[in-house]
Structure formats: structure tokens, C-alpha cells
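Geometric and topological summary
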Amino acid sequence: MRVLSLGRWLRAGRVPPRGRVRLNSGHRHSGHRPQAPPQGPAQVPPRQKVSVEVLDHLEHLALVDFRDSEGVERLQKAIQFADQLHEVNTDGVEPMDSVLEDRCLYLREDDVTEGNCTKELLENARETVEEYFVAPPGNIPLLKLEEQNTYLQGSK
Amino acid sequence: AALKDALRSQVSAALKEGRVTPTELCQRCLALIKSTKFLNAYITVTEETALKQAEESEERYKRGQPLGILDGIPIAVKDNFNTAGIETTCASNMLKGYISPYNATVVQKLLDQGAVLLGKTNLDEFAMGSGSTDGVFGPVRNPWSYSKQYKEKSIPKSHSEDKEPDWVISGGSSGGSAAAVSSFTCFAALGSDTGGSTRNPAAHCGVVGLKPTYGLISRHGLIPLVNSMDVPGILTRCVDDAAVLLGSLAGHDPKDSTTIQDDFKPFELPNLTDVSKLSIGIPKEYHAPGLSSEILAFWSKAADLFKNAGAKVVEVSLPHTRYSIVCYHVLCTAEVASNMARFDGLEYGHRSDVKDSTESMYAATRREGFNDVVRGRILSGNYFLLKQNYEKYFVKAQKVRRLIASDFGKVFRSGVDILLTPTTLSDAAPYTEFIQEDNRTRSAQDDILTQAANMAGLPAINVPTALSERGLPVGLQFIGRSFQEKQLLTVAKWFEKQVQFPVIQLEEVKRHDSGVFQQQKSASFS
């Protein structure tokens, strides 16, 4: 199959690369080939270290644990990735909540149209008593970092 | 009628005329599902209920009163849609054993029109991923790994005749749905699309994947990932079928307040012959780093196709494209952190045995129920939502989102009707290669071309275009204006007709399809 250049559609003053460009498929490519426009950040943003306190705070908020160094590393990478956002100039730009923002969110009439499905809803819960979902005692805060036997405690 | 046939043009007619019955169709599909079990496309196969639905449909056809074009048609649904009485797992331990008490609106609509639900398809856990490799039920295999076309191009690893090919991924996260449609086990499947989750596997599995405009199809019953970007996706073997499905599913739903109230009229796609009034935009930023030269070539060829047919083809710019994946990363993890908070073991789903306190029970349940990918996103999301980070990350990402959406707005206002872009950076990777990188890295790489359409809420469709050097499908993406699905699908249908994408040649299908085996016939009705 003859390989055609996208050059016709992607001109915009781009310089064709010097010399022959060898494509993966092994076809010799002649003519203009658009240079891939520079993508990605100019430099990788510096890595910010997240303190153990913040990590612990996150575990409490999310009620999900990091489990091991890989989990923490994942977060660090995620933050570093997200830091690229700061390259964009957003002065005077309003945040966008929804793509349907120029339409009115409607409200339906406050009429009861469905319900009475207690039995079905309780079926999926593991622990119920009569018509109640049963939870262990509340108002007991999750163990503080000092009291835990978790990965974060070890890394402190 | 063969399992390969296009729904609208051939199967429906065959059912009406009695040349095939719904039960026959259903049985053939169920048998094929059994013999393609190694694809791991299905999590749950609802054999009994499917046959019952097929029988009921048959009764209706006998009385001459079918409910519509979808009556008796076997379909599959991604396992993150609630289906009453059927296990809905989202491929996660958190929801293993969870039997939904209700049908998602889209599922209900399909059932109301007589469709036969064959089962729930496999996905990445909670639809997070781009390979359908991270669910608890194992990865989905791309049916093309077992096709004659791929095997012919594979370098044999050894001299052994029955060596299993190095199978390739199906793409994600709706990989199961795409594989199910691609391997002829159903005529259409529902997927979901948040960052490309319907179009990506559609491209890798060689099927049509439609992401409708945000607000057109109800999300009620779709277990949410990112409320402001999720949409139910449609996977079919040809564009006409996608239009049929769209017609049955679109429209306002009082149970989903993010669906628009405008009247939706189902449409039949015209057979476009004159493209001279069309303006096709080629966004230069979609020539992303890592785009394979093969796909670049197909993209270029497609542009030429339109130009030679008389359409106006122009280069356009969407300057903030390269930030869309970063923006998505922040908004997605933030919304995920919020949406996953409902899984605490109390009302449904997995519950830990820990009893000391509510919070410790919640924490243990979530530790046991979620995999690394989900937990990672929840923690990242919570980080971005911390008071000290809220403005810096979350609000900033929302501002960048507006810039991305307005990029598209500018281009469409300048007279461009449809954008033409690649869907994926390359053809499907072998599984062993794909898992070398972690989920987040892969998603960041693979979603780059599909993600921006979700940011802006625009409709987009993958149309299978050609086979790569390795014998695997490659697709191209069309992005349209909001709520202009008719125009988008009309152009996609024209393109589909031009490219005549080859039919997959699978040994298993040959065996089951005792009807006419059509050699190299195009996926669409010609």
C-alpha cells in the first residue's frame, strides 16, 4: 500500500526532516512529512515530596490505604503529572462544571412516584435487622498514625 | 441469516419473514459464546432468561406484532450497567455477588423493545483502564488474535503447529463488549465512554464504537465514574446498526437530570453520495508523539479520500489538546474519589468482617474490595481535592476544560462540520507487552486521542478502517458537533462504505454459522 504524506493537510510552515525517514512498516517515504508538533511539557515538572502527615490525612479521608511504597510512588507520579496544568494560562477563564451549562437544569414535580421497595433494597446488605442496615459502632475515629501498624508508620 | 449479518438491513428482515426465529438466533449466539469462552468477553451469561426472552419474542413475531426492529435481537451489556436480577460486578471484588434490584434506563429501553439480553461483558475494574486487563475476572482477549488474518502475519514462535498465538488486548475499558460484537456473539453491545472507553476497544476489535453527545442518553443505572463525562456507548458491526441503537436509547429520562429535554427523533441514515458540501477538519495536534506511521498513513489516505470525493478538507488547530489528558487525569480522579465513596459495605457489595467501628469496617471493606488502580485514583483524587490543593488543581483543571471545549467550539464555528482523527496510537498490543507499563501510564498514552471529545461532551465515532501490517484492525475517529449525531453518522456511513473493512475470519464462527459463509464481505450491507 502506497504511503501518502499528511503533509498536504498539515502544512503550517513545518520543515520536513532532513534525509530519508524510515517508517516502521518498512516503506520508503518520500516527499514532505510533517514533523510531529512538540507535545508534552517543555520540561518535566519537579517532583514534590508529599509529607507523611498528608499521606496519613489522605488515608483517613479516603478510607483507603496506600498499602506499600508503590502506592505512595503512584501518588507522587500522579501529582507530578498533574503539575503540567500550571503551564496553561487560565487568566480570566471561568471553571467549567458541565458541558450543558448553557441549559437550565430542570426540576421535576415533588410527587412520590416510586418507592416501597424496602425488601429489595435490604436484600443486598449483608447485615440487617428488621428494616435496618446494621453498622458497627460509630463515633470511634480511625486509629491515628501513631497507633497504627501500617506501612506509613514504618516510613515515618 | 448469518450471525455476520447487519442487524437493520438483514437480520430484522429475516426475523420478520420467519426465515430465522429469535430462539434460533439466541441459541446460535449462546453456542458461539461457549466456544469462544477463551476470549473471556463475558462475565455473566444469562442463558435461561435469554432463551425465555427469545421465546416471548418468537410469540410476538408469530402474531405479527414485533415490538420493533430490535425485537428478538441478541445484545450484550457491559457489566457496569445495572440489570435487575442479574449480577452486576463492574469486574470488582467490591460488587461480586451484587444482584441489581433495578434495570438501568438504557437496559430497560432495550428490553422494552424486545431485545434479548445474552449477558454482561467484561471490563477493566470500574471502567478504569484502556486494555480491559485490570478486572478481577481476568483480561479480555481480542478476537482478532485468533483470526486467520492475524495468524498469517504472525512470526511463528516455534515450529509447533498448535502454539497459542501471542494474543493481543481488546482495548478498554469496554473490551468485553467490543470483543463480543467482534466475535459475532451478539449484534450490538452497550459500553460506556468516559475517556474513550468505547472507541478505543472498538478500534482494536474492528467494530463501530459510538460515543453519543453528553446528555443525549440516560446514565441512570450506569455505575458512575465521572459524572460530567460518562456516557453509555454503543458498539455494533456497522454504522447503520449504531443509528438503530441510538434511536432506541436516546431521549430525555426523568430519572437522569443531566439528559436534555429536547425532543429526540430517531432517524434513518441517508445514503450520502455527494460530499462536496462537507468540510472536514484535520486537527494537527492529533499527530501525537507515538502515533504509528501506519495509522498516520491511513489517516492521510482517509483525508485524501474525502478531498478526492469533493469535500473541503482543512487543517485546523485545537491548541490545548496536549493538556486534555492532564486535565482529564485531575477531573477524573477527583470525581472518582467522590463516586467511589458510596462503596462502604453497608448497603450493598462486599463487606469486611471487621467490626470494631464504622470507619474501620469501611476502611477494611475498601481495602479488600478495590484493586490498586481504583485505590490509586481515589487517593490521587482526594489529594487534588484537599483544601490546599483545590484551587491549584481541581479548579485549574476545570478552567483548562473550558479552554479545551472552546477550542472545539471555535473550530466548528469556523465552518468545519466534522473532525477526522485517528482513534488510537497503534494497533492492539500483545498482552505481555501491554502489562509492562502500569494502568495510569497506559491510560495516559492510549486516551490521548479520544479523551478530548469527552471533555467537550461532543459525539464521536470510531469506524474500522483497515488492517495493519500485523493483520489487526485500525480505526479512525470522527468527531461531530453536539447533538448532531445524524450528520456524524451519515458521514461515518459514507466512509465505512468507501473503506470496505474486511470481515474477521474466525474458525469458531465458521463452524457455527451454518448459513452462508460470506467471503471477505464488508461489515456493512452493500
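Residues numbered from 1 in each chain as written. Chains lettered and ligands numbered in written order. Predicted model: local features only at pLDDT ≥ 70, side-chain atom pairs only at ≥ 80, totals over all residues. Heavy atoms only, no water.

An unreviewed UniProt entry annotates chain B as GATA amidotransferase originating from Erithacus rubecula.

Helix and strand content of chain B: 18 helices and 11 strands. For 526 residues, the compact-globule formula gives about 24 Å, and the C-alpha radius of gyration of chain B, at 22 Å, lands near that figure. The buried share of chain B, reckoned over its 526 residues, is 67%. In chain B, 78% of the contacts between residues at least 6 apart in sequence involve partners at least 24 apart. Of the roughly 17,300 Å² of accessible surface on chain B, 49% is carried by carbon and sulfur atoms. (Helix = DSSP H or I, 4+ residues; strand = E, 2+ residues; numbered from the N terminus. Rg over C-alpha atoms; globule rule 2.2 N^0.38 Å. Buried < 20%, exposed > 50% of the residue type's maximum accessible area, 1.4 Å probe, protein only. Contact = heavy atoms within 4.5 Å. Areas by Shrake-Rupley, 256 points an atom, 1.4 Å probe, with all protein chains shown as cover.)

For the structure shown, the criterion picks out 24 salt bridges over all chains. In this structure, K277(B) and D274(B) form a salt bridge, with 3.6 Å as the shortest nitrogen-oxygen distance. Classification of K277(B) by relative accessible area gives exposed; the value is 73%. Residue D274(B) is classed as partly exposed on the basis of its relative accessible area, which comes to 38%. Three or more residues joined by partner-sharing salt bridges are found here, namely D65(A), E70(A), R74(A), R367(B), D372(B) and R375(B). (Salt bridge = Lys/Arg side-chain N within 4 Å of Asp/Glu carboxyl O.)

All names here are of chain A. On average, chain A scores 73 in pLDDT, and the residues at 70 or more come to 63%. A low-confidence stretch, residues 1–5 stays under pLDDT 50, and its non-local contacts, those more than four residues away or across chains, total 15 contacts. pLDDT under 50 marks residues 11–36. Its contacts with residues more than four places away, or in other chains, come to 37 contacts. (pLDDT = per-residue confidence, 0-100.)

Looking now at the packing of aromatic side chains. The description of two aromatic rings rests on the distance between their centres and on the angle between their planes. All names here are of chain B. Scanning all chains against the criterion turns up 17 aromatic pairs over all chains. Measuring from ring centre to ring centre gives 5.8 Å for F126 and F370, while their planes differ by 70 degrees; the resulting arrangement is edge-to-face. With F126 in the loop between β3 (116–121) and α5 (148–153) and F370 in the loop between α11 (358–369) and α12 (372–385), the pair connects residues that are 244 residues apart, well separated along the chain. Owing to a relative accessible area of 4%, F370 belongs among the buried residues under this scheme. Three or more aromatic residues link up through ring pairs in this structure, and these residues are Y98, F126, F343, Y348 and F370. Residue placement shows R237 over the ring face of F187; its charged tip is 5.2 Å from the ring centre. (Phe/Tyr/Trp six-rings, centres within 6.5 Å; stacked < 30°, edge-to-face > 60°. Lys NZ or Arg CZ within 6 Å of the ring centre and 35° of its normal.)

It is worth spelling out the sheet that holds strand β6 (residues 231–236) of chain B at this point. Residues and elements named next belong to chain B. Ordered by their spatial adjacency, 11 strands build an open sheet running β1-β3-β2-β4-β6-β5-β10-β11-β9-β7-β8, and the pairing between neighbours is mixed. One side of each edge strand has no neighbouring strand; the edge strands of this open sheet are β1 (42–45) and β8 (312–316). Between one strand axis and the next, the sheet turns by 30 degrees as a mean value, whatever way the strands run. Pairing between strand β5 (residues 208–211) and strand β10 (residues 460–467): three bridges, direction antiparallel. Across the sheet, L210 pairs through a bridge with I461, a residue of β10. Docked against the sheet, helix α8 (residues 239–249) engages β4 (188–193), β5, β6 and β10, running at close to 145 degrees with respect to β6. In the packing of helix α9 (residues 293–308) onto the sheet, the strands contacted are β7 (279–283), β8, β9 (418–422), β10 and β11 (473–479), and the crossing angle to β9 comes to about 155 degrees. (Pairing = 2+ DSSP bridges. Axes fitted to C-alpha atoms, helices over the stretch in contact; angles between N-to-C directions.)

Before going further, it helps to examine the environment of K265(B). Within the fold, K265(B) resides in the loop between α8 and β7. Spatially, the C-alpha atom of K265(B) lies 9.8 Å from that of S248(B), the residues being 17 residues apart in sequence.

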